Amino acid sequence: MKEFSREYLKDKKRIVIKIGSSSLQHKETGDLDYTKLDVLVRELCNLRNMGKDVVLVTSGAIAVGKKAVHIKKIEGDDEDHTIAVKQACAAIGQARLMMTYQKIFAEYNQVAAQILMTKNTIVDNLNRYNATNTFRELLSMGVIPIVNENDTVATYEIEIGDNDTLSAIVATLVDADLLILLSDIDGLYTDDPRTNPDAEFIRQVDALDEETIQMGKGSTGSSVGTGGMNTKMIAAKIATKSGIDMLIANSKDIKVIHRLIDGQDIGTLFKANYDKSFDLPLFVERMHHR
């Protein structure tokens, strides 16, 4: 078998890291896991100290909002009311989540910023141009942008729907050279390892073909997050076609971040496969809930 070296990952200069909501909270209570958050922020600040640009794509706003107003399950009298409850929870939770991040980032003398996006941010040319300029300016200031979907205003028509896809879009917008997806899975398997003991782990994907995408569809994610392996395949498609390497790794130990950047053989690496005909705005426009 061909030996793959990941040494070159050490030279990555601009890194987007996505963390799922299930990775940020305690399973038993749904409350934020401050230990994990603290380690996450420390890892990100350390990457900044190495001279790298860092963007964090975070989930968790709705979950945090639900906890704040003691709602177990989001439900309303009808569909419109349910959406309103969800969006109200997002509004409460996003502010709380950012407050927590800001506090921890401040401990490491690191400035963080908030960017909330919807599908329109990408599809509309002027919006996309402005968002790209804002990201670039923040990164040139040494700031760590913290990105989430704008769940308070995003409805079915304008939502991206999951942060795996969002993080790949962000990576493309900022010309990142590495995207790291952290969630509750080790990486890509030939089948769902929870139901099939013979499922094999895939360390590296050189080219994303239909067979690989189908493997992803067979294995799903957590009950807390919105993204299973399927959304990670969409993210891999966006990232690799845009010339960005992508890693999927398990967030049970957040310190995996510096090990990945160190070139250690952890998780699944999707190699960049630049496709100059790939049109991100068009892809996002057509992508919705396919």
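To keep things clear, this report deals only with the structure shown in the data block. (Residues numbered from 1 in each chain as written. Predicted model: local features only at pLDDT ≥ 70, side-chain atom pairs only at ≥ 80, totals over all residues. Heavy atoms only, no water.)

## Side note on the pairing of strand β5 (residues 178–183)
Inclusion rule: Partly exposed residues are those whose accessible area sits between 20% and 50% of the maximum for their type, while under 20% is buried and over 50% is exposed, using a 1.4 Å probe and protein chains only. A helix here means a DSSP run of H or I that spans at least four residues, while a strand means a run of E at least two residues long, and both kinds are numbered starting from the N terminus. Here, strands pair whenever DSSP counts at least two bridges between them.
Here β5 lies mainly inside the structure; six of its six residues are buried. With burial as the criterion, each face of β5 is covered, one bearing L178, I180 and L182 and the other bearing L179, L181 and S183. Relative to β5, strand β1 (residues 14–19) is paired through five bridges, and the arrangement is parallel. If you follow K18 over to β5, its bridge partner there is L181. Pairing of β5 with strand β9 (residues 245–250) involves six bridges; the strand directions are parallel. Bridge pairing in β9 links L181 to I248.

## What about the nonpolar core?
Short version of the rule: The criterion is simple. A nonpolar core is a set of buried Ala, Val, Leu, Ile, Met, Phe, Trp, Tyr and Cys residues joined through side-chain atoms within 4.5 Å. For this analysis, residues touch if any pair of their heavy atoms sits within 4.5 Å.
Counting residues in each nonpolar core, the largest one holds 44 residues, and the members touching the most others are V16, M117, F135, V147, V170, L179 and M246. In contact with L179, not counting residues within four places along its chain, are V16, S167, A168, A171, A239, I244, D245, M246 and L247. Membership of the second largest hydrophobic core comes to 35 residues, among which are L9, A112, I144 and V256.

## Looking at unusual backbone geometry
The phi torsion at N109 lies on the positive side, around 55 degrees, for a residue other than glycine. With respect to the secondary-structure elements, N109 resides in the loop between α3 (79–107) and β3 (112–117). Given the relative accessible area of 73%, N109 is considered exposed. Residue D175 is not a glycine yet carries a positive backbone phi of 55 degrees. Mapped onto the fold, D175 is located in the loop between α6 (163–173) and β5. Since its relative accessible area comes to 53%, D175 is described here as exposed.

## Topic: α3
Stated formally: A helix is expected to span 1.5 Å multiplied by its residue count minus one.
A rise of 1.5 Å per residue sets the reference length of α3, with its 29 residues, at 42 Å; its end C-alpha atoms lie 42 Å apart and thus fit the reference within 8%. The set of residues buried in α3 consists of V85, Q87, C89, A90, G93, Q94, L97, M98, T100, Y101, I104 and F105. Against the buried residues of α3 lie β1, α1 (34–49), β2 (53–58), α2 (61–68), β3 and β4 (144–149).

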